[in-house]
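For reference, the chains in residue letters:
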Amino acid sequence: MSQIDVNYQKKELPEKLFKMGIILLVIGVILGLIGFFVDPTRASFNYLIAYTFLISIAVGALFLIALEYATGAIWSVPFRRVTEFFAAIIPLLLILVIPLLFNMHNLFHWTHEEVVAGDKILQGKAPYLNVSFFVIRAFVIIGIWSLFYFFLTRNSLKQDSSGDQKLTGKNIKLSAVFIVIFAITISITSFDWLMSVEPHWFSSIFGIYYFSGTVVAALAAVTLAVVLLKEKGYLPEKITSDHLYSLGALMFVFVNFWAYIAFSQYLIIWYADLPEETFWFLQKWEGSWAIFSILLIVIQFLVPFVALLSKPAKMNPKRLKFIAIWLLFAHLFDLYWLVMPQMPGLEGGYVFSWIDFVFPIATVGFVILIFAMKAKKENLIPVGDPKLERGLDFHL
Amino acid sequence: MNVDYSVEEPVVHGRLSLAEIEDLVVKPLDSKPNKKFYIALSISGSLLLIGAVLVLFTFYYGIGLWGNNQPVGWAFGIVNFVFWIGIGHAGTLISAILFLLRQKWRTGIARFAEAMTIFAVMCAGIFPIIHTGRPWLAGYLMPYPNQHGLWVNFSSPLVWDVFAVSTYFTVSLVFWYTGLIPDFATLRDRTTSKIKKTIYSLFSLGWRHSHRHWLHYEKAYTLLAGFATPLVLSVHTIVSFDFAVSLLPGWHSTIFPPYFVAGAIFSGFAMVATVLILVRKIFDLQQIITLDHLEKMNKVILVTSMMVGLAYGTELFMAWYSGVTVEKFAFFNRAFGPYAWAYWVMVVCNVLFPQLFWIRKIRRSIPIMMVIVILVNVGMWFERFVIIVTSLHRDFLPSSWGMFVPTLYDIGILAGSFGLFFTLVILFTKALPVISISEIKAVSDGAQPSHHRGENHE
Amino acid sequence: MSNERKIYGVAALFTKPDDIIKAASKVANEGYSKWDVNTPYPLHGMDNAMKLKPSKLGFITLFCGLSGTALILMLTYFTNSIDFPLVIGGKQFFALPAYIPITFEITVLLATVSTVIAMLTFFFKFPSNNHVLHDTPYMKKVSLDHFGIVIEVSDPKFEQSKVEELLRSFDPESIEIIYHKEEIKYPIFEPKFITFLIIVALAVSGGTYITLNKLMFITPFDWMMYQDKVIPQSRIELFKDERGMRTPVEGTVAKGFIPYPYLGVDEPPEYLSNPLIPSRENLKLGKKKFLTYCSPCHGNFGDGDSRLHDQFPNPPTLHSQRIRNFEDGRFYHIITNGKNVMPSYTAQINRNERWAIVNYIRVLHRAKNATERDLELVTKETATNVAN
């Protein structure tokens, strides 16, 4: 079976989407640059948060694609292309990482040689936490991700015109390998960019913590895109609330998974009460940071849990749209909570700065822009995929 | 190999009719046990008996008969407990999680796996009870109002274990029984023996396959599956808390909860695979428990093996990265100390051998599969042994270091737990249908109405 | 005979899922309410075909699960924060993070168990092994590989010929009329049943007795009933006289007790000194004890002129010069040891009281030999005080 009579007419996404992306991005970039001049440390931290957020969306999306291939899932096939559009950000990370690498001094204590010289613990970590190895790791990892992105999406696109089932077979093998490499690289990424902001602290579950937030964010992005596109009629009618239910259920599951990982990390450190571990959490309880910590539980767990608990809620497009946006914000909030309390000057509590709002704007614009650009060039659904027909017919 | 991804693979091979499926599944219940059955039962029964006798000795003479000492106060008892609980998790995962993920291939193996869960939890539950030394006083551990005004310590992970394992056992039993009700009804309606009819009628509660009932039944089943899934994660997480909330190097590591859960699924699937390979051969169920299903299970084993390997790697890295001397030593000691042999058995069996499952031919080869999954079980037992004994035998003060040597009683009681498990499994195969009759009928070819385009959904 | 039986309903059997789905929708559309579909496994789309409303089981799950959460949080709060607050691991009394695992488990336990129980008892009204459909050929087929529809007589729109026609229009494999079963009466006093009851009663009581009274007391499960200690009144071969209860060894004294060293010695080498000060209480005590124990022989004032005068060998007066010169300890020795006819008073008067008596004797001495000053003092006192 090559072409399926799915009546897919490629509709162009409206121009204003494109425009919105560019405007938001430009505003974000300009304000960001100003921010760098005004308060380089604050700006660097916010850039870091935006960067890791983009990794979550992009690499998380690629992970979802790989998961679909590896498990042989059917229901997600119709909007796998949408997910691929999000993953398109990955090669651009090679460029986006550069400003961060130039600002490592503002971000990481362990880059300051005088600090390391006086600290035995940091000296012990120096074989791993040194600038050159760090930079190499960053580029190598993004490079590996980009390779997998390239091959996976190339096969998927080729299949649009050829319908060749062997391409699916190839992608399944690539996906299996990618998942293994993803697990390792996402852990290393989280250790490097997020955990080493506090170089004295360590937690073996941290990679999984970042992973759980990543999957939630990627799912939220895909859900939001799918619901919006379906509402505006860009996706085939056959994508029904049954498909949405699956997305909603997955979001629900991973919200719970995030809560489980976050709680495990907290409970183990709280229980043993070792100062070398608890200080990290205590820092997030200083002054107004305590409110952030409580809010994190509410925003990332309690509200989405209750909102997605019932079956009708998981299928309702309005509810899903709202929760998807909510969860994207929640992941940003999570990343913010992870690093900001360590910023020099903010140890006593949160201090407001307009710079905090600039980078999210740029991020949103960036994602919309990339999505719109890819949607211009390619089909919105993988028309050549052999599983497409079964995917569109999917019912609970 | 050419796979057509546009059609769904059939769950049941050979285009069996509903009646043929039922006959296949019910045959062991209607036939008298043969010689092979008795041989198998006597082997497992002997192991069970040996274990029981050694347990009675332990009650009479005390825990001194075991190898426990200071500093290794926890040894085989807790290793066996964690081992068996881990094995139990595969059953719930296959039953509940694969159900929620709408993986139809679970149907042929779910009933069996659930039964194995219940038996494994029974084996596991023995150990916390006997390792107290005076288990007949175990009732005092429950929270009851007393003159001392004492309550149990709800902050202790050991008490969390009590809640977790009891809940897990109860929910698994309820889930299993709920699934059995329609099957009891089917058995009741086809049996000719009066005694069996009475028993089946009793247990089927009068189920009459009414669709008004199926409506609630399916909802209840989904709810149970939805609860059993986080339950399974929580039980082994709580077991991991036994170790992780302590201060001991090698134990106090935040990755323990997901690491233990992955390991539990890993060892559980290996045990399920072991038993299933034997069962499908003995009872001619190859068309219902197909090679495809076994291949899928092997993929799960491969994935969880890599998760466990990733956890090993992360722990090693974090031990170095943390800079904590005792932590670094704990891992160095594991790999190169006096128990290094156990550590390398663990790594080879858990991480290396399952990598062979990348190769499709091996995934579909019954003899090699059998060897690998047995090695996985061995490796996972050693993983618990390594974690517990190496961290205990050399912790903070070198003057407190010691060695642990298991006694005959330790080993014999472990063998006895295997005996109990396999005895229950063997008896189960003759007493109850090993495959859920109603579920397997529901996923066979042509079983569902076609206006939903047939078979491509739950 | 079959004409007499009551009809339960009319049933039709099908072999293909598509057929019964169509049939079921039509029956629902016709407006029947008391009818049912029986299938060996749930068919997709049957819910909609039968126009069934979604199950409300989830609400029970939610309610019971949340009750479980509340109950266990209350229990942990009560036990560790109110009833017996304990600082465990340096954490606060209500250590919520530590209680989360248990809370989760109990929530799940109550939610799941209540769901199943509610489903079986409330929704299904099980057990119902005496339902009409059991043991019919219809049921046997439906259990195996057929799909069936039953329309009951109790439905308001039921009319046998119309129903049969409707069912026939679906082209089923067969149509069957389901009858109620004959009521078989089971007399209670059937001999087999009575025998069975008796056997069960014997077995259960015997088993309970053996278990609770015999098996449960096998060492080491014997609740410490059999101990290697000697209980009162028991025999023991260890001693020659085989008595379990022993008397104290010769010379045993109570703990902390120092025996009077001159018991039985007429002329002791030394006398003890009086530890009691002559305070008002001590003197009152001495007076009381003297009047109780000493006055029957010695008289109320120590003159030796008691009631027993001439009936009993007289004690000497205590006011002679010789006796007035006795040390306190000598009086003590006489009371403790006895003298001549006077016995030892150790059994009746304890040490403290003996010294109090000695002080009182001194009072009597002073009273009998008062000086001018003493009288003055007494006068002074009586002038200013009310009679004491």
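For the structure itself, consult the block above.
Novice: Just to check I follow, could you spell out a positive patch on the surface for this structure?
Specialist: All names here are of chain A. On the surface, Arg-154, Lys-158, Lys-166 and Lys-170 cluster together to form a positively charged patch. When contributions to the positive patch are tallied by element, the ones reaching two or more residues are helix H8 (131-162) and helix H9 (165-193). By the element assignment, Arg-154 lies in helix H8. A relative accessible area of 37% means that Arg-154 is categorised as partly exposed.

Novice: Help me understand the pairing of strand E2 (residues 35-38) of chain C, please; the structure alone is not making it clear to me.
Specialist: Within a regular strand, the side chains alternate between the two sheet faces. All names here are of chain C. Here E2 shows two buried faces, one formed by Trp-35 and Val-37 and the other by Asp-36 and Asn-38. Note: E2 against strand E3 (residues 147-152), 4 bridges, orientation antiparallel. What sits directly across from Val-37, in E3, is Ile-149.

Novice: Explanation requested: the interface of chain C and chain B in the structure shown.
Specialist: Quoted interface sizes are often the accessible area lost when the parts come together. Taken together, the contacts link 69 residues of chain C with 69 residues of chain B. Approximately 6200 Å² of surface area, both sides summed, lies buried where chain C meets chain B, with 68% of it carried by carbon and sulfur atoms. Looking at the side of chain C facing chain B, the largest losses of area belong to Tyr-41, His-44 and Glu-105 of chain C, adding up to 11% of the total buried there. Viewed at the interface, chain B and chain C are joined by 2 salt bridges. One salt bridge in this structure joins Arg-212 of chain B and Asp-36 of chain C, with 3.8 Å as the shortest N-O distance. The interface formed by chain C and chain B contains 27 residue pairs in polar contact (both at pLDDT 80 or more). Taken together, the elements giving at least two residues each to the side of chain C that touches chain B come down to helix H1 (17-30), E2, helix H2 (46-49), helix H3 (57-83), helix H4 (96-123) and helix H5 (137-144) of chain C. Among the elements that line the side of chain C that touches chain B, the one with the most residues is H4 of chain C, at 17 residues.

Novice: In this structure, what is going on with the interface of chain C and chain A? I would like to understand it.
Specialist: Listed as interface residues are 8 residues of chain C and, on the opposing side, 7 residues of chain A. Surface buried jointly by chain C and chain A totals about 590 Å² across both partners, of which 78% is contributed by carbon and sulfur atoms. When the area that chain C buries against chain A is broken down by residue, the three leading residues are Lys-91, Pro-97 and Ala-98 of chain C, summing to 67%. Put simply, chain C and chain A have 0 salt bridges between them. Applying the counting criterion to the chain C and chain A interface returns 2 residue pairs in polar contact (both at pLDDT 80 or more). Looking at the side of chain C that touches chain A, its residues break down into 6 nonpolar, 1 polar and 1 charged.

Novice: What am I meant to see in helix H8 (residues 256-282) of chain B here?
Specialist: Since the α-helix turns once every 3.6 residues, residues separated by three or four places project in the same direction. Residue and element names in this part refer to chain B. The terminal C-alpha atoms of H8 lie 39 Å apart, and with 27 residues this matches the ideal 39 Å at 1.5 Å per residue to within 8%. Taken across its 27 residues, H8 has 24 buried, putting it largely inside the fold. Following H8 by one or two positions, Asp-284 has its phi on the positive side, about 55°.

Novice: How do you make sense of the environment of Asn-29 of chain C when you look at a structure like this?
Specialist: Looking at the element boundaries, Asn-29 of chain C is found in helix H1. Asn-29 of chain C sits 21 residues away from Met-50 of chain C along the chain, and the two C-alpha atoms are 8.5 Å apart.

Thresholds, definitions, all that
- Residues numbered from 1 in each chain as written.
- Chains lettered and ligands numbered in written order.
- Predicted model: local features only at pLDDT ≥ 70, side-chain atom pairs only at ≥ 80, totals over all residues.
- Heavy atoms only, no water.
- Patch = residues over 30% accessible without salt bridge, like charges linked within 9 Å, V, L, I, M, F, W, Y side chains within 5 Å.
- Areas by Shrake-Rupley, 256 points an atom, 1.4 Å probe, with all protein chains shown as cover.
- Salt bridge = Lys/Arg side-chain N within 4 Å of Asp/Glu carboxyl O.
- Lys, Arg positive; Asp, Glu negative; His and termini not counted.
- Charge placed at Lys NZ, Arg CZ, Asp CG, Glu CD.
- Helix = DSSP H or I, 4+ residues; strand = E, 2+ residues; numbered from the N terminus.
- Buried < 20%, exposed > 50% of the residue type's maximum accessible area, 1.4 Å probe, protein only.
- Pairing = 2+ DSSP bridges.
- Contact = heavy atoms within 4.5 Å.
- Buried area = accessible area lost by both parts, 1.4 Å probe.
- Polar contact = N/O pair within 3.5 Å; in protein donor to acceptor, adjacent residues only side chain to side chain.
- Nonpolar A, V, L, I, M, F, W, Y, C, P; charged D, E, K, R; others polar.
- Expected span 1.5 Å × (residues − 1).

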